[in-house]
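Chain by chain, the residues:
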Amino acid sequence: MGGCFSKPKPVELKIEVVLPEKERGKEELSASGKGSPRAYQGNGTARHFHTEERLPAPHPYPGAQDCVEAAVCHVKDFENGQMREVELGWGKVLLVKDNGEFHALGHKCPHYGAPLVKGVLSRGRVRCPWHGACFNISTGDLEDFPGLDSLHKFQVKIEKEKVYVRASKQALQLQRRTKVMAKCISPSAGHSGSTNVLIVGAGAAGLVCAETLRQEGFSDRIVLCTLDRHLPYDRPKLSKVLCCKMEQCRLASSQAGCLLQSLDAQPEQLALRPKEFFRAYGIEVLTEAQVVTVDVRNKKVVFKDGFKLEYSKLLLAPGSSPKTLSCKGKEVENVFTIRTPEDANRVVRLARGRNAVVVGAGFLGMEVAAYLTEKAHSVSVVELEETPFKRFLGERVGRALMKMFENNRVKFYMQTEVSELRAQEGKLKEVVLKSSKVVRADVCVVGIGAVPATGFLRQSGVGLDSRGFIPVNKMMQTNVPGVFAAGDAVTFPLAWRNNRKVNIPHWQMAHAQGRVVAQNMLAQEAEISTVPYLWTAMFGKSLRYAGYGEGFDDVIIQGDLEELKFVAFYTKGDEVIAVASMNYDPIVSKVAEVLASGRAIRKREVELFLLRSKTGDMSWLTGKGS
């Protein structure tokens, strides 16, 4: 059971806990060394795991031959708040001193391998410098997203003023830890037509919800359904210059070449979890499964092929659908919206040595344009605004990025739009603009925005706003009890912006919302509070962004825009509401951590800093503020 299939079959109830990796036995040991009880929901009732019910758990340090231990520094070598990578035979460890105590953790972020030593240490956790994921330094647990896995936590002892670290060799090599999860093979009520939890949508929100339920000991049936042909995959890689070695590529100035590992990748290479993972933890995945009707009164959904499935709890995470062109000739071949790995691969294949046109100068469009410069004969960008990213990053930053693209052979057609797509033998040959310009084009990628994929909910009783988004409260609940929503298709109250209802279609935000949904399905009364964090990479340069800058009325810039080494603070009135940077790490993660702590950053703080300092030192952010 588990993996991909079309129709679930009845299976005999079986409950157990699976320890994903050999060295994970310490995950839930109490101070006495005995297994601590773990509450979970089994068939709708509260229960506890006891020691005798667990699978045999190997000791995390089973023997001297499997471990390495060494003195890594002197106690006096570290000050409070300091982090350092230290060598430990088989690998490196992140050593942290916080409030007088030493902690040893995995040194790389499990998301894309960022060096955490360059991150931000605050409030008992370290925040990744690249994409903002946060890890508890006492446990190694992932506390904020993106990513799915936690860090290993290693033993530390002090002897004769020396700091010793002891770690398993396997953990040092893996650099990631999947939390202990419950496993369940239990169709509700003994037949395949019902499930305890149904998740519509297999993006980040849906997958994190399913994993969190299992991590919390939930043992009933979980069904995850998706329109895609594939198991959940890393969708940002379809357009971003982001892969496992993205930052190394950036440092090597390889421009967009490493996107080859994303746009040219097979779906299995983009998978967030292998198929064995879903089988092991009893997370059933229905692929190419389209929900056409949701009956909230009878707690039932109907699929396009007529299959019906009852549920107890429902998560709606359908994502969004890309907007398409409505101009003359819109039906010609070789015009794409990049939605799937197959779309991305076809674009790359058709663009090699030929003329590519990208419509839309937002994140997706600009990421694709950046990549195609290394493959296509020519790349042109068509945009209605006068500057790329103007509404999001402001005119000055937008122009600096536009110049970077122009220096890499990208031609811009601004303040215009497509009026016609002309074909030769049914295939795209020219893009005609309303400005009367005619642009040669063998392939066209359309990135002009998206709309929530919620059409199937219009008669369901689940509330939708005028734009088709699903409004939810802080607990990600819809207007219908037991029905939750998350991801690109929702509007939710953003806590640190006075609970303003917003839609934030970020990968990181979908992760956070998925976890909150799972926690509230288990009646934990969790609220969404994460600070939005996004990133993009073009021509080997990474842009980080944190906050929610819609409606900014001023931009304060420190650094050199021409050199693309800068930090931009976006303000509304007297408050900093967002920050963006290039080549200024870890400033964005530092600002995100300040905002997450509840402290406002005032515009006058930033202005005063700029007047007094030209060094780029951002230590003032860690102060108490005004």
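Values in this document were obtained by computation on a predicted structure and should not be read as measured data. (Residues numbered from 1 in each chain as written. Predicted model: local features only at pLDDT ≥ 70, side-chain atom pairs only at ≥ 80, totals over all residues. Heavy atoms only, no water.)

Engineer: Honestly, the overall build of the chain in this entry has me stumped. Any pointers?
Structural biologist: Of regular secondary structure, the chain possesses 13 helices and 40 strands. When burial is assessed residue by residue, the chain has 57% of its 626 residues classed as buried. Sequence separation of 24 or more characterises 63% of the internal contacts of the chain that already satisfy a separation of 6 or more. (Helix = DSSP H or I, 4+ residues; strand = E, 2+ residues; numbered from the N terminus. Buried < 20%, exposed > 50% of the residue type's maximum accessible area, 1.4 Å probe, protein only. Contact = heavy atoms within 4.5 Å.)

Engineer: Looking at this structure, how should I read helix H11 (residues 507–521)?
Structural biologist: In an α-helix, one full turn covers 3.6 residues, which means residues spaced three or four apart are oriented alike. For H11, which comprises 15 residues, the first-to-last C-alpha distance of 22 Å matches the rise-based estimate of 21 Å (1.5 Å per residue) to within 8%. Of all 15 residues in H11, 15 are buried, a share of seventy percent or more. Just past H11, the residue Ala523 takes up positive phi, approximately 60°. (Expected span 1.5 Å × (residues − 1).)

Engineer: Just checking my understanding: could you explain empty space enclosed by the protein for this structure?
Structural biologist: Rolled over the atoms, a probe as big as a water molecule pinpoints where empty space is left. Enumeration according to the criterion identifies 1 cavity of 30 Å³ or more in this entry. Put simply, the largest cavity is a space of about 100 Å³. Together, Leu142, Phe145, Gly147, Leu148, Ser150, Lys179, Val208, Glu211, Thr212, Gln215 and Arg515 line the largest cavity. With 4 residues, helix H2 (residues 204–215) is the largest single contributor of residues to the lining of the largest cavity. For the lining of the largest cavity, the per-class residue count stands at 4 nonpolar, 4 polar and 3 charged. (1 Å grid on protein atoms, 1.4 Å probe; cavity = no way out; pocket = protein on both sides within 12 Å on 5 of 7 lines; lining within 4 Å. Points joined across faces, edges and corners; volume = space filled by probe spheres on them. Nonpolar A, V, L, I, M, F, W, Y, C, P; charged D, E, K, R; others polar.)

Engineer: Would you take a moment to explain the pairing of strand S37 (residues 541–547) for this structure?
Structural biologist: Side-chain direction in a regular strand flips from residue to residue, so the side chains alternate between the two faces of the sheet. Burial of S37 is extensive: 6 of the 7 residues sit out of reach of the surface. Here strand S36 (residues 533–538) pairs with S37 via 6 bridges, running antiparallel. For Met538, the partnering residue across the bridge sits in S37 and is Lys541. In this antiparallel pair of consecutive strands, S36 and S37, the connection spans 2 residues, and Phe539 shows a positive phi of 55°. Sheet topology places S37 next to strand S40 (residues 575–582); 5 bridges connect them, and they run antiparallel. By the bridge assignment for S40, Leu543 is matched with Met582. (Pairing = 2+ DSSP bridges.)

Engineer: Can you walk me through the sheet that holds strand S11 (residues 134–136) in this structure?
Structural biologist: Pairing in this open sheet of 4 strands is antiparallel, and the strands run S9-S10-S11-S12 from one edge to the other. Two strands bound the open sheet, and with one partner strand each, they are strand S9 (120–122) and strand S12 (142–144). Going from strand to strand, the sheet's axes swing by 30° on average, the running direction of each strand aside. Pairing of strand S10 (residues 125–127) with S11 involves 3 bridges; the strand directions are antiparallel. (Axes fitted to C-alpha atoms, helices over the stretch in contact; angles between N-to-C directions.)

Engineer: What am I meant to see in the sheet that holds strand S32 (residues 470–471) here?
Structural biologist: The strands making up a sheet are joined through hydrogen bonds of the backbone, oriented either antiparallel or parallel. On the basis of which strands lie adjacent, the open sheet formed by 3 strands has the order S32-S34-S35 and mixed pairing. Strands at the two margins of the open sheet, each flanked by one partner only, are S32 and strand S35 (500–502). In terms of strand pairing, strand S34 (residues 490–494) meets S35 through 3 bridges, oriented antiparallel. Across the sheet, Pro493 pairs through a bridge with Lys501, a residue of S35.

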